[in-house]
Amino acid sequence: MDNLTAPFVCFSCRKQFERNWDGKENYKDCPECGDRTIRYDHKFRVPKKSDDSEWKKIEFLRDHGFYFQRVYDIIEQGVYRYAFYPKDLKEAKEFVIKYKQFSIDL
Ligand SMILES: [Zn+2]
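Rules and cut-offs
- Residues numbered from 1 in each chain as written.
- Predicted model: local features only at pLDDT ≥ 70, side-chain atom pairs only at ≥ 80, totals over all residues.
- Domains from an automatic or database assignment.
- Nonpolar A, V, L, I, M, F, W, Y, C, P; charged D, E, K, R; others polar.
- Pairing = 2+ DSSP bridges.
- Helix = DSSP H or I, 4+ residues; strand = E, 2+ residues; numbered from the N terminus.
- Buried ≥ 20, exposed ≤ 12 C-beta atoms within 10 Å, placed from the backbone.
- Contact = placed C-beta atoms within 7 Å.

### A closer look at the domain arrangement of the protein
Stage number 1. As assigned here, the protein comprises domain 1 (1–46) and domain 2 (47–106).
Stage number 2. For domain 1 and domain 2, the distance between their C-alpha centres works out to 19 Å.
Stage number 3. Class assignment for the residues of the side of domain 1 that touches domain 2 results in five nonpolar, one polar and four charged.

### Some thoughts on the pairing of strand S6 (residues 79–82)
Stage number 1. The pairing of strand S5 (residues 72–76) with S6 spans four bridges and is antiparallel. Residue pairing across strands places Tyr72 opposite Tyr82, the latter belonging to S6.
Stage number 2. With antiparallel pairing between neighbouring strands as the criterion, S5 and S6 make up a hairpin whose turn holds two residues, including Gly78 at a positive phi of roughly 85°.

### Concerning the environment of Tyr99
Stage number 1. Secondary-structure assignment places Tyr99 in the segment after helix H2 (89–98).
Stage number 2. Overall, Tyr99 belongs to the partly exposed group, with 18 C-beta atoms counted inside 10 Å.
Stage number 3. C-alpha of Tyr99 to C-alpha of Trp55: the two residues are 44 residues apart in sequence and 20 Å apart in space.
Stage number 4. Sequence-distant contacts of Tyr99, that is, excluding residues within four places in its chain, are made with Val71 and Ala83.

Here's what the structure looks like:
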């Protein structure tokens, strides 16, 4: 059986760590600073450490329950299309309202 892994993100270090994951646990201690890291979806791509605006957007999304899990547009009943994550904070503010039903509690 394959080991399940997931990216865990430390906002203090601005890094992600690929860690073993039991399919349930959403928090682990950061291996570098000891702060709490949060499990993200595999689609998450960690921005550069110095990219403040990108990190602000990700923190904003996190605070609204978005961890790069899949989000859909419903075209008509039974027909879905994957929605793209927002490019910047301005778009993120609209995104969290539009896709509120897909937000999750970790
Ligand atoms: Zn850390």
